[in-house]
Structure formats: C-alpha cells, structure tokens
Amino acid sequence: MEHNTFDYEGTLEACARADQEAFKRLYQQESGQLLGLAITLLGRRDQAEDCVHDALVKVWSNAHRFDRTLGQGRAWIYSILRYRALNQLRNRGRLVQTDDRFIENMVDDSPQAEQQASDRSDGRQLRRCLSELERPRRHPILLAFYRGLTHEQIADRLTTPLGTIKGRIRAGLRALQECLQK
Amino acid sequence: MIPHAPEPRRALIGEYVLGLLNEPEAKEVRGLIAADREAAQMALEWEAHLLELADQLPPQLPSAYLWERIQQSLRWSATTSSAPDKERERWWHSLGLWRLTSGALALLVLLGWLPGVWNNQVVTASYTAVLQQPGESAKPGWVVTIYSDGALNLKSLITDQIPADRSVQFWTLVDPVDGPRSLGLIDPGEGTTLSAEQIGAVEAGQLFELTLEPIGGSPLEKPTGPVLYIGRAVLIASN
C-alpha cells in the first residue's frame, strides 16, 4: 500500500466537490486496509464489510467537513471507521472470547537500525515507542486498538483491577506521548 | 472532568480515540473535540500515530458487492441497475492480461526449475495457473498444477486468516455459459490433490478461483462470496 504517495487530503477535498472518480480512487486505495482493520476489530467479515460500507458512505457525505489544517486525511478516514466499528461492538453487548496472542507480534519484531532511522524521518515511530513500554502498560493499549475493548473489558480480560488498568494505560499513553515528541 | 494542562488532556484524548472511555466520559471529550480546534488536532494526531498499528494488519479483499452497495447507498445512478450476478459476470470476463504480469511470470520460471513439477520421467506438468488476489499482479497466493495424467494439485504459497464461520471453496470455469463448477472446499494454507475424473479435461485459459463462502460451502451451484484468488491455466508442456 503506497499510502506515502497517495494524496488523501486532495482526494477528500475532491470528494467534498462531489468528484465520484476521486472517491472511487480512494476506495481502491484504502478499502482493503480498512477491511483488514474492521475484521480484526469485529471478528466477522460480514459485519466488517457493513462497517466499511457505513464508514465510506460517511466519508463521502462528510468530506466537506474534513479540514487539512487539523490533520492528516488518512487519519480522518480511520477515525470514522474506528468510531463505527466501536459502536458496532458496543451495540453487540456481549464480548466474544478471542485469541489475542497476535497483537504483541505487531510491536515486538525489533526493526533494523536503518528502518528505525527511516521510520523516524517520516514520523512513523509509534511501534518503536510501544516496544519501549513495559508489557503491562503496552498490552492494554494494543487490546484497545485491535479489539476495541473498554477499560472495564480490558480489566476483565486481564483479570486485573479496573483502577490498576486505568492507571497503567494512562501512564502508558503519557510515556508514548513523550517518546513520540522526541 | 477534562484536564486543562495540555499533557493530561492529550492523554485523555488518546484514551478517547482508542475507545476506552465509557459513554459519559466519551461524550464529554466528543464535545470538546467538536468545540476546540486544538483538541481536534490532538485527536487526529493520535489517530495518525495509530495508523502504524492498522498498517501491521494484512489488507483483506472486499467482496465485489461492497462497492456496488456503497454506490447504491450514495444513490449514484450509473451502476444501480447492475444486479449482483452481472457484477460477478464482469469479474469473470474482466480477467485480462494482469494474470501473467511479472510476478506470475517469475513464478512460472521458478516452477520450471523445481524437480517434480517439470519432471519428464513419470508424469509432467501440462498446465499451471497462478492464483492471485483480483487486481493484484505480483502477489501469487496459490498455484494450480495439472499433470499429464490429468490430476490436479493445488498448492498454497501463503496462509490466510479465514473467519471461523466461513469456508474457502475451489472453483473452475471453462465456459462462462456453463458457469463455474465447484471442486470442493479447501483448508486455508493447505493444498489438495484431485484426480483427473474430478477435474475433467483442462484447457488453456481455463479459470480457477477460490471464494469465501458460508461454512460448508456455497448454498448454490455457483460462488456466492468474494473472490479471494483467481487465475487462468497456462500451457507449459504439450506431450
């Protein structure tokens, strides 16, 4: 996925001008990655496709509200997708037991020094910063991102008191902030 | 209570973006983001950092109907008339030359050097088809080999995660008029060997595809789910 070269901001602005071709390009560019995330969050392909459908319809109809001075276009699109996915999860109510072992692999593969340097230069360094966190602080953050769990659900899943989980996540996010601003 | 100091405020917005907060807290932060430019920027910054985690996941091919559905929801008139079957037919017919672009060709060359695939002693490979994700030209996922005795071997080059409530079904299509014919269910990541009787005659250009179906396979005589991998048979030996 060459998201480094795709002009998300320009494409969203074109969508705001009702440019259907631009929206189609956006679909071709991003639908696969959006679906990948939705499937991981929702665990079911049919519901994930519903979620991507709803999110992209929303992207089109709200494109005029995108403002490039506030942030990246791609981040804006994913904020819509994640919001919808989280709503779907909350409405579903009961939590499905999932195998979450994979999520630690998303951070743990220690990248080569060269890769780290290039990550830093294009501002992509969250994974490096996450890998510097201790697991008890990192793991709940990853559970929230990949499984869409709330504080309560994470405490439940990790059989850890709610206050402890909240404290660890907050400390983890503060440490991340600091690391990301370096 | 939303903190005023920027650092705790940024952390709280991070918690909101991650979806950790309960509804009363989330509502408060949502209100702040709607009203405060700086808070909105913080939220998008978090979201931008988190893209790195999203990008660790393999992309998944949406079903052909998803784009159709989106267009219908947006009431774009141009394509609303095309029924799902039409869409599928277009998939079958639109498989142009992409199937033999560099990636597939490189693989063909590679296959030629593998013993057993191009082995003259007993049976030889007559046809091969490299199955790729629709629209992808350099990511071979499965290889179909048809031997001179008519048997078919389907071999996986990758392992996909398939939802627990779905099955992967293997199909072939000789003539679009006849429609696709099921060759059975496949375990993701695991190949299969089928006898000549099960396959029937194979000809150059014949399509093979894997689709995602309800568990136990398509309820109809044709694929109902998205195409995961597809490719055409190419003649590699004539004896």
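Please refer to the structure placed before this passage.
The shown structure was predicted, so the numbers you read here are calculated from the model rather than taken from an experiment.

Parameters at a glance
Residues numbered from 1 in each chain as written. Chains lettered and ligands numbered in written order. Predicted model: local features only at pLDDT ≥ 70, side-chain atom pairs only at ≥ 80, totals over all residues. Helix = DSSP H or I, 4+ residues; strand = E, 2+ residues; numbered from the N terminus. Expected span 1.5 Å × (residues − 1). Buried ≥ 20, exposed ≤ 12 C-beta atoms within 10 Å, placed from the backbone. Contact = placed C-beta atoms within 7 Å. Pairing = 2+ DSSP bridges. Nonpolar A, V, L, I, M, F, W, Y, C, P; charged D, E, K, R; others polar.

Peer 1: Tell me about helix 10 (residues 162–180) of chain A, and name the residues and values.
Peer 2: The end-to-end C-alpha separation of helix 10 of chain A is 27 Å, in line with the 27 Å expected for 19 residues at 1.5 Å each. For helix 10 of chain A, the complete set of buried residues consists of A:I165, A:R168, A:I169, A:G172, A:L173, A:L176 and A:Q177. Turning to helix 10 of chain A, the residues buried within the fold contact helix 7 (126–132), helix 8 (135–147) and helix 9 (151–157) of chain A together with helix 1 (6–18) of chain B.

Peer 1: Could you give an account of unusual backbone geometry, with specific residues and numbers?
Peer 2: Despite not being glycine, A:A18 shows a phi value in the positive range, around 65°. Residues other than glycine seldom take positive phi values, yet B:R75 does so here, at roughly 55°. Mapped onto the elements of the fold, B:R75 is located in the loop between helix 4 (64–73) and helix 5 (77–80).

Peer 1: Lay out the pairing of strand 7 (residues 207–214) of chain B with the relevant residues and their values.
Peer 2: Residues and elements named next belong to chain B. Of all eight residues in strand 7, seven are buried, a share of seventy percent or more. Examined bridge by bridge, strand 7 and strand 8 (residues 227–232) share five bridges and lie antiparallel to one another. Along strand 8, the bridge assignment pairs T211 with V227.

Peer 1: Explain the interface of chain B and chain A residue by residue, including any values.
Peer 2: In this assembly, 41 residues from chain B lie in contact with 45 residues from chain A. For the side of chain B that touches chain A, the secondary structure elements donating two or more residues are helix 1, helix 3 (37–54) and helix 4 of chain B. Ranked by the residues each element gives to the side of chain B that touches chain A, the list is headed by helix 3 of chain B, at 13 residues. Split by residue class, the side of chain B that touches chain A holds 22 nonpolar, nine polar and 10 charged.

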